[in-house]
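Residue-level structural notes
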Amino acid sequence: IESVFWDFYKTPWTLNSRGQLLTKATSKSITFSLLDPSTASFTIDGGHPEAASIDELVDDILIYRNNRFIYRGRVVASADEVSETAHTVSFSATDYKGLMYRRLLAFTVDTLTNNVPTEQAQLAWRFINEAQGVIGGEMGITVGALLATGVLRADIWEQGMSIGEAIEELSK
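Below: a short report on this structure. (Residues numbered from 1 in each chain as written. Predicted model: local features only at pLDDT ≥ 70, side-chain atom pairs only at ≥ 80, totals over all residues. Heavy atoms only, no water.)

1. Focus on the packing of aromatic side chains
The final tally for this structure, using the stated rule, is five aromatic pairs. With centroids separated by 5.2 Å and ring planes inclined at 25°, the aromatic side chains of phenylalanine 42 and phenylalanine 91 adopt a geometry described as stacked. Of this pair, phenylalanine 42 sits in strand 4 (residues 39-45) while phenylalanine 91 sits in strand 7 (residues 87-94), and the two are 49 residues apart along the sequence. On the basis of relative accessibility, which here comes to 2%, the residue phenylalanine 42 falls in the buried class. Three or more aromatic residues link up through ring pairs in this structure, and these residues are Phe8, Phe42 and Phe91. Its guanidinium or amino end placed over the ring of tyrosine 64, arginine 18 lies 3.8 Å from that ring's centre, counting from NZ or CZ. (Phe/Tyr/Trp six-rings, centres within 6.5 Å; stacked < 30°, edge-to-face > 60°. Helix = DSSP H or I, 4+ residues; strand = E, 2+ residues; numbered from the N terminus. Buried < 20%, exposed > 50% of the residue type's maximum accessible area, 1.4 Å probe, protein only. Lys NZ or Arg CZ within 6 Å of the ring centre and 35° of its normal.)

See the structure below:
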């Protein structure tokens, strides 16, 4: 039977490298979901420097199984549990799909009316790009080869709708 090794690394979202191995991470968990965002969690002794080095909404967690990359997600929350004898910090991360549901459409008008039929992949990228353009909105997502879906859309989106909801609407 082959041994299984799970390595959790933390790296700023701006870097494309493994970053720092979290040697003190325990209670490691990862949940993959087909329709919902995938999540990861772990705990670290609150007195260890690794716990203090993790910044919410700044650092990503990279997970490797037997040295094979399987997950990247942004640290979105932490919780301290302190008793007379121990201090532990629990961290949770969500994948980039989860980040899309945390970001709102950031248009300067109350609604975005798209009267001219536009390729839906271009619309999805527009949503992401405009959300990243606001102060504090940068997620480090860049457009790669934008493949055409062949579906043109002319719709109205409400300001304040999450990017995840808007992209989900495009998929229908």
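This is not the end of the story, as more comes after the structure.
2. Side note on the sheet that holds strand 7
Taken in spatial order, the seven strands of this open sheet run 2-1-5-6-7-4-3, and their pairing is antiparallel. The sheet is open, and its two edges are formed by strand 2 (20-21) and strand 3 (26-31), each paired on a single side. In this structure, strand 6 (residues 68-82) lies alongside strand 7, joined through eight bridges in antiparallel fashion. Paired with arginine 74 across the strands is threonine 94, a residue of strand 7. (Pairing = 2+ DSSP bridges.)

3. Digging into the environment of phenylalanine 8
Inspection of the secondary structure puts phenylalanine 8 in strand 1 (residues 6-12). Filtering out sequence-adjacent residues up to four positions away, phenylalanine 8 remains in contact with Gln20, Leu21, Leu22, Lys28, Ser29, Ser41, Phe42, Ile61, Leu62 and Ile63. (Contact = heavy atoms within 4.5 Å.)

4. What to know about the environment of serine 17
Looking at where serine 17 falls in the secondary structure, it is placed in the loop between strand 1 and strand 2. A relative accessible area of 34% means that serine 17 is categorised as partly exposed. Separated by 45 residues in the primary sequence, serine 17 and leucine 62 place their C-alpha atoms 9.1 Å from one another. Setting aside residues up to four positions removed in sequence, serine 17 forms contacts with Thr11 and Leu62.

5. Here we look at unusual backbone geometry
Of note, the phi angle at serine 27 is positive, near 50°, even though the residue is not glycine. Within the secondary structure, serine 27 is located in strand 3.

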